[in-house]
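# Breakdown of the fold
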Amino acid sequence: MKSRQAPCGTLLTVGTMWDSPHGREQFHGLGSMYCRGAAAVILTYDVTSWQSLKELEERFLSLTDTANHDCIYAIVGNKADLTDPRAQLLPADPAQSPAEVPSACPTPPASPLSPPPGSPATQQQVGREEAAALYGRVLRYKGLDEGGSLPADRMCFETSARTGYNVDLLFETLFDLVLPSILRKRTEHRRSPTVDLEDCCEPPGRRRGGCC
Ligand SMILES: Nc1nc2c(ncn2[C@@H]2O[C@H](COP(=O)(O)OP(=O)(O)OP(=O)(O)O)[C@@H](O)[C@H]2O)c(=O)[nH]1
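Residues numbered from 1 in each chain as written. Predicted model: local features only at pLDDT ≥ 70, side-chain atom pairs only at ≥ 80, totals over all residues. Heavy atoms only, no water.

Here the focus is the environment of Arg 137. As for its placement among the helices and strands, Arg 137 is situated in helix 3 (residues 128–141). Taking the relative accessible area as the measure of exposure, Arg 137 reaches 32% and is therefore partly exposed. The spacing of Arg 137 and Met 33 is 104 residues in sequence and 22 Å in space, taken between C-alpha atoms. (Helix = DSSP H or I, 4+ residues; strand = E, 2+ residues; numbered from the N terminus. Buried < 20%, exposed > 50% of the residue type's maximum accessible area, 1.4 Å probe, protein only.)

Here you go:
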């Protein structure tokens, strides 16, 4: 058994688990464990809920204390389809170019989504400026220099899990940003010597050396 090291990079979503108070408590204790060694943390709020942004900062930011010192942070406002017409369009199927679309079964034109049945009419409560301000506070909380960090306009996103709006952009951006550091750490890990714990933990009679 070789000594175990935390994975080089972990991409983690810290959500607000907003409408399930039981779930919130249940998962809260686990958060810092999942943040351990994280290379990137996605802090997610609901663009229609000011309270969700507030809770994100008050309840969830401290969970990132165990993240890597060079961890990057993205602030993500989800449910943008409820507030931004651009986020309401379902993406076209990239596998089918227009010429390949069978005429007998044309792709229906993308249409704005109606809110889910039973959901109240919503309006945007959290603007991009508030998200950018939170990003600045996250950097300060982490003791990071704002000038030397990735800028807010690059690290604040509005997404829709419902339509997929900006979801690829979010993950591709983070992947591009964390990949160099993951590769660097992997190289360092390969170069650094590992401790063979089996040697240390074998019963006394089977010990080969003076370890432990
Ligand atoms: N319109 C819309 N609804 C969404 C979106 N993402 C999640 N929802 C809805 O929000 C509700 C809660 O979603 P969950 O996946 O349980 O996420 P959660 O972290 O518990 O989210 P909240 O409780 O809303 O903070 C469900 O009814 C989802 O369908 C989105 O991007 N757009």
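Text resumes after the structure shown.
Among the secondary structure elements, Thr 64 is positioned in the loop between helix 2 (50–60) and strand 3 (72–78). Along the sequence, Thr 64 and Arg 36 sit 28 residues apart, while their C-alpha atoms lie 7.8 Å from each other. Ignoring anything within four residues of it in the chain, the contact list for Thr 64 reads Cys 35, Val 41, Tyr 73, Tyr 141 and Lys 142. Of the polar contacts made by the side chain of Thr 64, one reaches the backbone oxygen of Leu 61; its length is 2.6 Å. (Contact = heavy atoms within 4.5 Å. Polar contact = N/O pair within 3.5 Å; in protein donor to acceptor, adjacent residues only side chain to side chain.)

Bringing the confidence of the model for the chain into the picture now. Mean pLDDT over the chain: 75, with 62% of residues reaching 70 or higher. Here helix 6 (residues 197–201) stands out as the least confident element of the chain, with mean pLDDT 51; strand 4 (residues 156–158) is the most confident, with 98. Counting interchain partners and residues more than four positions distant, the pLDDT-below-50 stretch residues 1–10 has 26 contacts. Low pLDDT, under 50, characterises residues 97–116; the stretch is placed with 17 contacts to residues that sit more than four places away or in other chains. ipTM for the predicted complex: 0.91, alongside a pTM of 0.71. (pLDDT = per-residue confidence, 0-100.)

Attention now moves to a nonpolar patch on the surface. Together, Phe 175, Leu 179 and Leu 183 give the surface a local cluster of nonpolar side chains, amounting to about 260 Å² of exposed area. Along the polypeptide, Leu 179 turns up in helix 5 (residues 167–191). We classify Leu 179 as partly exposed; its relative accessible area is 31%. (Patch = residues over 30% accessible without salt bridge, like charges linked within 9 Å, V, L, I, M, F, W, Y side chains within 5 Å. Areas by Shrake-Rupley, 256 points an atom, 1.4 Å probe, with all protein chains shown as cover. Salt bridge = Lys/Arg side-chain N within 4 Å of Asp/Glu carboxyl O.)

Let us look at the pairing of strand 2 (residues 40–46). Most of strand 2 is tucked away: seven of the seven residues are buried. Judged from the seven bridges that link them, strand 2 and strand 3 form a sheet pairing that is parallel. Counted as the bridge partner of Leu 43 is Ile 75 from strand 3. With helix 2 bridging strand 2 and the parallel strand 3, this β-α-β connection has right-handed handedness. (Pairing = 2+ DSSP bridges. Right-handed = clockwise from strand over helix to strand, strands pointing away.)

Enumeration over the complete set of coordinates arrives at zero disulfides. The structure places no disulfide on Cys 35, whose sulfur is separated from the nearest cysteine sulfur, that of Cys 71, by 7.3 Å. Judged by its relative accessible area of 0%, Cys 35 is buried. Not engaged in a disulfide, the cysteine Cys 156 finds its nearest cysteine sulfur in Cys 71; these two sulfurs lie 15 Å apart. (Disulfide = S-S within 2.5 Å.)

Turning our attention to helix 3. Between its first and last C-alpha atoms helix 3 spans 20 Å; for 14 residues at 1.5 Å apiece the expected length is 20 Å, and the two agree. Of all the positions in helix 3, only Ala 131, Leu 134, Tyr 135, Gly 136, Val 138 and Leu 139 are classed as buried. On its buried face, helix 3 is in contact with strand 2, helix 2, strand 3, helix 4 (152–155) and strand 4. The first or second residue beyond helix 3 is Gly 143, which carries a positive phi of 70°. (Expected span 1.5 Å × (residues − 1).)

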